[in-house]
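Structural overview for review
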Amino acid sequence: MTLSTMEGRGYDIYSTSKRALAQWIRRTAPTAEWAGHGIPLNAIAPAVVLTPMTAELVKTPEGREQLNRQVPMPLKRPLEPVVAARLLAWLTSGENSHLCGQVVFVDAGYDAVSRGDSTW
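Residues numbered from 1 in each chain as written. Predicted model: local features only at pLDDT ≥ 70, side-chain atom pairs only at ≥ 80, totals over all residues. Heavy atoms only, no water.

Attention shifts here to the overall build of the protein chain. When helices and strands are tallied, the protein chain shows five helices and two strands. Beginning at the N terminus, the succession of helices and strands in the protein chain can be written as α-β-α-α-α-β-α. Pairs at least 24 apart in sequence give 70% of the contacts found in the protein chain among residues at least 6 apart. Summed over its atoms, the accessible surface of the protein chain is roughly 8,600 Å², and 61% of this surface lies on carbon and sulfur atoms. (Helix = DSSP H or I, 4+ residues; strand = E, 2+ residues; numbered from the N terminus. Contact = heavy atoms within 4.5 Å. Areas by Shrake-Rupley, 256 points an atom, 1.4 Å probe, with all protein chains shown as cover.)

Following this line, the structure appears as structure tokens:
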């Protein structure tokens, strides 16, 4: 199998696994084991996070342009890890009393652009 073949399949695997996780969250969160015990199970779906994995891509104008073509984000920038961490902190805090079974997209608008009016 060539690298280019694997790259195409990798995207399929990535997308499929995200969908499977979202379905698992929605099916599992309202159950007696989770919601029945007062545990609001949710997930986040970040787009591009500034990590060592993405550092090389975002350090050049060409890399940032390629990224913007592949993952269009209306807010025009990848997120710092602390942004996802703050959302996770709130989701797991006592302040979150009613958000249950949701996947929160923290993606600078990518989900809204890529799916449009479709919500699933």
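Here Asp 111 is to be found in helix α5 (residues 110-115). With relative accessibility at 16%, the residue Asp 111 sits in the buried group. Among the polar contacts made by the side chain of Asp 111, one reaches the side chain of Arg 115 at a distance of 2.7 Å. (Buried < 20%, exposed > 50% of the residue type's maximum accessible area, 1.4 Å probe, protein only. Polar contact = N/O pair within 3.5 Å; in protein donor to acceptor, adjacent residues only side chain to side chain.)

On to the environment of Leu 50. Of note, Leu 50 is situated in the loop between β1 (43-46) and α2 (52-58). Overall, Leu 50 belongs to the partly exposed group, its relative accessible area being 27%. Along the sequence, Leu 50 and Val 82 sit 32 residues apart, while their C-alpha atoms lie 9.8 Å from each other. Contact partners of Leu 50, with chain neighbours within four places excluded, come to Val 58, Pro 78, Leu 79, Glu 80 and Pro 81.

For the rest of this paragraph, the subject is the pattern of salt bridges. On inspection of all chains with the given rule, the structure shows three salt bridges. For Arg 115, the salt bridge identified is with Asp 111, shortest N-O distance 2.7 Å. In this pair, Arg 115 and Asp 111 both sit in helix α5, four residues apart, roughly one turn of the helix. (Salt bridge = Lys/Arg side-chain N within 4 Å of Asp/Glu carboxyl O.)

Before going further, it helps to examine unusual backbone geometry. With phi around 65 degrees, Lys 76 is a residue other than glycine that occupies positive phi space. Structurally, Lys 76 can be placed in the loop between α3 (61-70) and α4 (81-91). Judged by its relative accessible area of 64%, Lys 76 falls in the exposed class. For Ala 108, which is not glycine, the phi dihedral falls at a positive 60 degrees. Note that Ala 108 resides in the loop between β2 (103-106) and α5. Assessed through its relative accessible area of 15%, Ala 108 is described here as buried.

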